[in-house]
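Remarks on the overall topology
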Amino acid sequence: VLIDDPDVSTALARTALIMLAVLPVVALAKVLAYGLRGLGAVVRAHACELLFRPALVLLAVAAVFWGAPTLRQPEVAMAMQLLAGVIVLGVAVLWIRRRLPPGLGSLAEPPPTTGWLRRAMPFALIGGAAVLTNQTDIVMLGWFRSEAEVGAYRIAQQGGLLTLFVLQAAHS
């Protein structure tokens, strides 16, 4: 729909396509963060969601802003979101593997995956819907303002989340 629409810029269409890849990565990272919480690693779970991903995006955007001005494009910023999400996803997987009970890997027969995957799908959809709900302000602002203004708002919002995490960590 976005690609064939003559009113939509090519950069916006590419950004939206990259965003479609970001959504499942972020939803899966949230599922893993909840797994970390369930395994008793609450601080690590919150760090993945509220510290690492925003900090990685902020660092990447700053590096592009000052290091490669020709790459100051919305699709590059969204690709940085994707890269940060994949990195955080990898870190969460490593942390979960370390927190799993030691005897779990030595089961005589591997547990069936189709049953729990099918039952986990509604939770993954709920996590994806939560990500969409949290991004509604960005989408709506994009309808009324320019891409540059929306990008500035998103950067300010991520900076605010990072500040909130630091304040919560300091008061805990």
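Residues numbered from 1 in each chain as written. Predicted model: local features only at pLDDT ≥ 70, side-chain atom pairs only at ≥ 80, totals over all residues. Heavy atoms only, no water.

Here the focus is the packing of helix H1 (residues 10-38) against helix H3 (residues 74-99). At a minimum axis separation of 8 Å, H1 and H3 run at an interaxial angle of 15 degrees. The pairing of H1 with H3 is recorded here as roughly parallel in orientation. The chirality of how H1 crosses H3 is left-handed. Across the contact of H1 with H3, the residue classes tally to 20 nonpolar, four polar and three charged. (Axes fitted to C-alpha atoms, helices over the stretch in contact; angles between N-to-C directions. Helix = DSSP H or I, 4+ residues; strand = E, 2+ residues; numbered from the N terminus. Parallel < 35°, antiparallel > 145°, perpendicular 65-115°, else oblique. Left-handed = near helix turned anticlockwise from the far one by under 90°. Nonpolar A, V, L, I, M, F, W, Y, C, P; charged D, E, K, R; others polar.)

Moving on, we get to the confidence of the model for the chain. Summarising the model, the chain shows a mean pLDDT of 81, and 88% of its residues fall at 70 or more. Taking the mean pLDDT of every element in the chain, the minimum, 79, falls on helix H4 (residues 113-134) and the maximum, 88, on H3. (pLDDT = per-residue confidence, 0-100.)

Our focus in this paragraph is the pattern of salt bridges. Note on pairing: side chains with opposite charge can pair once their charged atoms come close. One pass over the full model with this rule turns up one salt bridge. With a shortest N-O distance of 2.7 Å, glutamate 75 and arginine 14 are connected by a salt bridge. Placement of the pair is glutamate 75 in helix H3 and arginine 14 in helix H1, with a sequence separation of 61 residues. Overall, arginine 14 belongs to the partly exposed group, its relative accessible area being 41%. (Salt bridge = Lys/Arg side-chain N within 4 Å of Asp/Glu carboxyl O. Buried < 20%, exposed > 50% of the residue type's maximum accessible area, 1.4 Å probe, protein only.)

On the surface, a nonpolar cluster with roughly 310 Å² of combined accessible area is contributed by Phe52, Leu56, Leu83 and Ile87. Elements with a minimum of two residues in the nonpolar patch: helix H2 (42-67) and H3. By the element assignment, leucine 56 lies in helix H2. Here leucine 56 falls in the partly exposed class, since its relative accessible area comes to 30%. (Patch = residues over 30% accessible without salt bridge, like charges linked within 9 Å, V, L, I, M, F, W, Y side chains within 5 Å. Areas by Shrake-Rupley, 256 points an atom, 1.4 Å probe, with all protein chains shown as cover.)

Another point: the packing of H1 against H2. Across the interface, H1 lies against H2 with an axial gap of 6 Å and an inter-helix angle of 155 degrees. In terms of axis orientation, H1 runs roughly antiparallel to H2. Crossing of H1 against H2: the hand is left-handed. Packed against H1, whose contacting residues are Val26, Lys30, Ala33, Leu36 and Arg37, the element H2 presents Val42, Arg44, Ala45, His46, Glu49 and Arg53 at the interface. In the contact of H1 with H2, the residues fall into five nonpolar, one polar and five charged. (Contact = heavy atoms within 4.5 Å.)

In this fold, valine 43 is placed in helix H2. Under the relative-accessibility criterion, valine 43 is labelled exposed at 64%. With 126 residues separating them along the chain, valine 43 and alanine 169 place their C-alpha atoms 9.0 Å apart.

Let us now look at the packing of aromatic side chains. Evaluated as defined, the whole model comprises two aromatic pairs. Plain terms: the ring middles of phenylalanine 52 and tryptophan 95 are 5.8 Å apart, the flat faces sit at 55 degrees to each other, and that makes the pair tilted. With a gap of 43 residues between them, phenylalanine 52 in helix H2 and tryptophan 95 in helix H3 connect regions that are remote in the sequence. Judged by centre distance (5.3 Å) and plane angle (90 degrees), the rings of phenylalanine 65 and tryptophan 66 are edge-to-face. Looking at phenylalanine 65, the relative accessible area reads 41%, which means it is partly exposed. Residue class for tryptophan 66 comes out exposed when judged on its relative accessible area of 68%. (Phe/Tyr/Trp six-rings, centres within 6.5 Å; stacked < 30°, edge-to-face > 60°.)

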